[in-house]
Amino acid sequence: MEKQRRVIALGFFDGVHLGHGALLQAVKETADCLEAIPCAFTFDKSPTAALTGQTIPLLSTLEDRTELMAQLYGIKSVIIAPFDTMQHMDWEEFIADYLVEKMGAVHVVAGHDFRFGYMGEGSPERLRAKCQALGVGCDIIPKVELDGVTVSSTHIRGLVERGELEEAGRFLGHPFVLSGPVVHGSELGRTLGTPTANLLIPQGVIAPGFGVYAAKVRVLPDDPGRQPSRPEEGPYLAVTNVGVRPTVNPALSGVTVEPWILDFAGDLYGRTLRLELYRRLRLERRFSGVDELRSAILENAAQTRAYFAAKERASC
């Protein structure tokens, strides 16, 4: 059987921001010209965290990275490699044996600061020279800046931690995304008339600055192995609290994400939601009681509707 021909972007792609987008767009355009498959190569863990021993929260899960690359840039296949193995591979072996021979790369695209192979000995310059020797195309993409600031996962991580998600969205090129299964909560929202779906922050993923956000929610399709299968639903507008719910949780234990999905009725337990967080409406705070809390949530719902109505008018 003939080996599949691939054009491959190289990187970790945490968050799939505009800098990554420059690589992925180049891959899609080149793949279309060469009638090859547009692909991305990524690792199963953060190279920076693995090499430094630091705990570095991620902007996105592997599943969300894969979905964003497909949705935004037309990437058809994502190659997920074990970093613990790849870091010991000779840099020339990585290019010739792994990318070209095993993966069928006919063209590769990397960023200006991409390092690879044992002890990081592989550099963009070495990548370009080796590809040329092998008759494989290679593009090295320069850094991408926005308003004079280099687009990077580190910069965006700081914005997300501070709850500046509109600004984070500018650097990402899309809203900040959180996905996860709906779990059982206290069901207080039902008694307030503002029933929420409860999600846990995925392990290793950054928690946005605590507060209430204007958001959109998609209810993802069921696992194909389950019956009956239900299609994706949404997007719906949602008022989403991120934090520890100080009014009803005096111990301030456990960070949760609780979207109240507006104009939706149905059982979501066991379903997976994908949240797009756009703008923080207010900081999380302790109210005098549940009545004051309910009034604040209803006001936030009105603010959410107004926010997205204004965005829709601005796009017309």
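Rules of the game
- Residues numbered from 1 in each chain as written.
- Predicted model: local features only at pLDDT ≥ 70, side-chain atom pairs only at ≥ 80, totals over all residues.
- Heavy atoms only, no water.
- Buried < 20%, exposed > 50% of the residue type's maximum accessible area, 1.4 Å probe, protein only.
- Helix = DSSP H or I, 4+ residues; strand = E, 2+ residues; numbered from the N terminus.
- Pairing = 2+ DSSP bridges.
- Right-handed = clockwise from strand over helix to strand, strands pointing away.
- Polar contact = N/O pair within 3.5 Å; in protein donor to acceptor, adjacent residues only side chain to side chain.
- Phe/Tyr/Trp six-rings, centres within 6.5 Å; stacked < 30°, edge-to-face > 60°.
- Lys NZ or Arg CZ within 6 Å of the ring centre and 35° of its normal.
- Axes fitted to C-alpha atoms, helices over the stretch in contact; angles between N-to-C directions.
- Contact = heavy atoms within 4.5 Å.

All right, on to the pairing of strand 1 (residues 6-10) then. Along a regular strand, successive side chains alternate from one face of the sheet to the other. Among the 5 residues of strand 1, 5 are classified as buried, and the element is accordingly described as predominantly covered. Judged by which residues are buried, strand 1 turns out to be covered on both faces: R6, I8 and L10 on one side and V7 and A9 on the other are all buried. Inspection of the sheet shows strand 1 paired to strand 2 (residues 37-43) by 5 bridges, in the parallel sense. Bridge pairing in strand 2 places V7 opposite P38. The parallel pair strand 1 and strand 2 is bridged by helix 1 (residues 18-34), and the resulting crossover is right-handed.

With respect to the helices and strands, the residue D147 is situated in the loop between strand 6 (145-146) and strand 7 (149-150). You can call D147 exposed: its relative accessible area is 61%. With 24 residues separating them in the primary sequence, D147 and F171 have C-alpha atoms 10.0 Å apart. A distance of 2.7 Å separates the side chain of D147 from the side chain of R170, its partner in a polar contact.

Quick look at the packing of aromatic side chains now. In this structure the tally under the stated criterion is 11 aromatic pairs. With 5.2 Å between their ring centres and 85° between their planes, F43 and F83 make a pair best called edge-to-face. You can see F43 sitting in strand 2 and its partner F83 sitting in helix 4 (residues 83-86), a full 40 residues away along the chain. If you follow R65 out to its NZ or CZ, it ends over the ring of F12, 4.3 Å from the centre.

Pairing is parallel across the open sheet formed by 5 strands, whose spatial order is 3-2-1-4-5. Two strands bound the open sheet, and with one partner strand each, they are strand 3 (77-81) and strand 5 (137-141). Pairs of neighbouring strands in the sheet enclose a mean axial angle of 20°, with direction left out of account. Along the sheet, helix 3 (residues 62-73) makes contact with strand 2 and strand 3, crossing strand 2 at roughly 155°.

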